[in-house]
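Residue strings, one per chain:
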Amino acid sequence: MPKKPVRNAFYFYMLDYKEEQRQKGVNYSNLAAVADAAGPLWRDAPPSIRTKYDEIAKKHRQKTNFTDQKFTSTGIPISVIEQNEREAKEAEEQEIQDIKNLVKLRGFNNTAKTLDIYVMDVNCYCKTGSDYIIGESTLLRFNVEEGIRDTYHEIINPGVIPVGYAYDMKLSCKEFGLEMPDEGSKKSNYMQILANIIDYLKQQDRTSKVLPPIFTMPDKVAPVQNFIHQLCRRVAEDENQFRIYKLDTLFFTLINTLKTRADEGFPKESLALLQLKKDPFKYSPGIGCEHHEENDKSVECTLSRVKRWSYTVLDACCPVAGVTARPACHVPPDYDLESIQVYQEQKRGRVAPSVGGYEFNLSSCNSSLLSDSFLDTTSNMTTDSSRREKRVHVPLRMPKADYSQAIRLAPELTEEEFPSLGGSRIGRGRGLGGSLPKLKTEK
């Protein structure tokens, strides 16, 4: 149904003007003619006249229940979009402030290293409407001092496949290494899953009524939050008690709270997100669940993913906090810490090479930073560079046949037999003076 035109103040002024002109004997055929005649008078009208007709138009809109809202091309009010943007901005500011209060309060008490951090990840089959169908979830707890403490991993069977989403679920199963939901098997108990999550979050303080926040990557905030809300709706639990925050914001705040020197930490939050996206422990073996390890899909396992996120945070925060990293706690079990520490010590005392080659100015370095192994490495590099300069190419084999004797010498020309430069014009098919000279041949 088309919308009615807006009755503004000028419209009602035209109606009065038309009535006045009709009483004077002037009749207009349509409103367009009235608008042309009344337009100049309306532009020059005093504010009192304009205010009078503005009030008439306002009362008319209230009477007809006509709103002044503006809409997008899809019919969504712009005021609703602006309100959502304001709420999202306020929620982001509240999240940043909440994380700062959580971490920096521990920093003042020198207990930031023992702060338990909860990380969560999910794998979803597909999205139906506004809800995600989750097939796997993992919740992990760690702190800087002790590393990864424990995990809660769950394979979820949603039961019935939604109509029209079977193909999408097959693609997700292939991508994330999940199994198609089995309608014949027992459906997962969502009430029990929610109870396990709440008990897991209350491990540190079971008397507290406020649950600690859950952290995840920015692209996983919406699925994790929706998964928690679905669980709460099924059992009529208050969903506002759960706080889902971004892990990169926590990473940035935590490392800058623990740092003791100006050159440590991250100057910008985007660098913390970049470090998490690098995923340096992506192909660490043996950190996924049994199901994904058997199917050779441990990279897509949520258990493996939350461990890799935690290892990335711990790998950056442990040196800053002065904590000695331990395998299977702060780094993967197969991590060779001794070789990495030797390399870091050598790298810390290494001087950048000059433009001319491997020439190091050892006098400008602090002698305490240069270890014996580093000096040996430097001398070996200098020796290798000199060897490379003196190398001479030697062919792998020489030819056995000598072809120099089989080459015939070029004949000699005398002055009489040398062709004349004058004579006929040089052209295509013509020589330099007629016939070619006779050449002497050796017998």
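Undergrad: For this particular structure, what's the right way to read the packing of aromatic side chains?
TA: Scanning the entire structure with this criterion turns up 11 aromatic pairs. Here Phe-10 and Trp-42 contribute two aromatic rings whose centre-to-centre distance is 5.9 Å and whose plane-to-plane angle is 55°, an arrangement assigned as tilted. Of this pair, Phe-10 sits in helix H1 (residues 9-23) while Trp-42 sits in helix H2 (residues 31-43), placing them 32 residues apart in sequence. As far as burial versus exposure is concerned, Phe-10 and Trp-42 are alike and both buried. Considering the side-chain rings of Phe-251 and Phe-266, the 5.2 Å spacing of their centres and the 85° angle between planes classify their relative orientation as edge-to-face. In this pair, Phe-251 sits in helix H8 (residues 247-258) while Phe-266 sits in the loop between H8 and helix H9 (269-278), placing the two residues 15 residues apart along the sequence. Its relative accessible area of 1% is what places Phe-251 among the buried residues. For Phe-266, a relative accessible area of 15% puts it in the buried group. By the ring-pair criterion, three or more aromatic residues cluster together here, those being Phe-10, Tyr-13, Trp-42 and Tyr-53. Lying across the ring of Tyr-190, Arg-234 places its NZ or CZ 4.1 Å from the centre.

Undergrad: I would appreciate a short explanation of the state of the cysteines in the present structure.
TA: Covalent bonding between the sulfur atoms of two cysteines is what defines a disulfide. Using the criterion set out here, one finds 0 disulfides in the structure. Lacking any disulfide linkage, Cys-173 is separated from the closest cysteine sulfur, that of Cys-126, by 9.5 Å. Given a relative accessible area of 8%, Cys-173 falls into the buried group.

Undergrad: Is there a simple way to explain a negative patch on the surface in this structure?
TA: Where like charges cluster on the molecular surface, the negative patch consists of Glu-87, Glu-90, Glu-92 and Glu-93. Within the element layout of this structure, Glu-93 appears in helix H4 (residues 78-108).

Undergrad: What exactly am I supposed to notice about the environment of Lys-18 here?
TA: In this structure, Lys-18 sits in helix H1. Note: C-alpha distance between Lys-18 and Asn-30 (12 residues apart in sequence) is 9.9 Å.

Undergrad: Looking at this structure, how should I read the pairing of strand E1 (residues 117-128)?
TA: Consecutive side chains along a regular strand alternate between the two faces of the sheet. Burial analysis of E1 places 9 of its 12 residues in the buried class, the great majority of the element. Pairing analysis gives 2 bridges linking E1 to strand E4 (residues 214-216), with the strands arranged parallel. Within E4, the residue paired with Tyr-118 across the bridge is Ile-214.

Undergrad: Help me understand the pattern of salt bridges in this model?
TA: Working definition: two side chains of opposite charge can pair if their charged atoms are close together. Per the stated rule, a full pass over the model turns up 13 salt bridges. Note that Arg-141 and Asp-150 form a salt bridge whose closest N and O atoms lie 2.7 Å from each other. Residue class for Asp-150 comes out partly exposed when judged on its relative accessible area of 22%. Residue Glu-146 pairs with Arg-149 through a salt bridge whose shortest N-O separation is 3.3 Å. Relative accessible area serves as the criterion here: at 37%, Glu-146 is assigned to the partly exposed category.

Undergrad: Is there a simple way to explain the sheet that holds strand E2 (residues 131-143) in this structure?
TA: Sheets are built from strands that pair by backbone hydrogen bonding, the pairs being arranged parallel or antiparallel. Sheet architecture is open: 5 strands sit in the order E3-E2-E1-E4-E5, paired in mixed fashion. Unpaired on one side and paired on the other, strand E3 (147-155) and strand E5 (244-246) mark the two borders of the sheet. Averaged over all neighbouring strand pairs, the angle between strand axes comes to 35°, with direction disregarded. Along the sheet face, helix H7 (residues 221-235) touches E1, E2, E4 and E5 and points at about 105° away from the line of E2. Each of E1, E4 and E5 touches H8; the most contacted strand, E5, lies at about 60° to it.

Conventions adopted
- Residues numbered from 1 in each chain as written.
- Predicted model: local features only at pLDDT ≥ 70, side-chain atom pairs only at ≥ 80, totals over all residues.
- Heavy atoms only, no water.
- Phe/Tyr/Trp six-rings, centres within 6.5 Å; stacked < 30°, edge-to-face > 60°.
- Helix = DSSP H or I, 4+ residues; strand = E, 2+ residues; numbered from the N terminus.
- Buried < 20%, exposed > 50% of the residue type's maximum accessible area, 1.4 Å probe, protein only.
- Lys NZ or Arg CZ within 6 Å of the ring centre and 35° of its normal.
- Disulfide = S-S within 2.5 Å.
- Patch = residues over 30% accessible without salt bridge, like charges linked within 9 Å, V, L, I, M, F, W, Y side chains within 5 Å.
- Areas by Shrake-Rupley, 256 points an atom, 1.4 Å probe, with all protein chains shown as cover.
- Salt bridge = Lys/Arg side-chain N within 4 Å of Asp/Glu carboxyl O.
- Lys, Arg positive; Asp, Glu negative; His and termini not counted.
- Charge placed at Lys NZ, Arg CZ, Asp CG, Glu CD.
- Pairing = 2+ DSSP bridges.
- Axes fitted to C-alpha atoms, helices over the stretch in contact; angles between N-to-C directions.
- Contact = heavy atoms within 4.5 Å.

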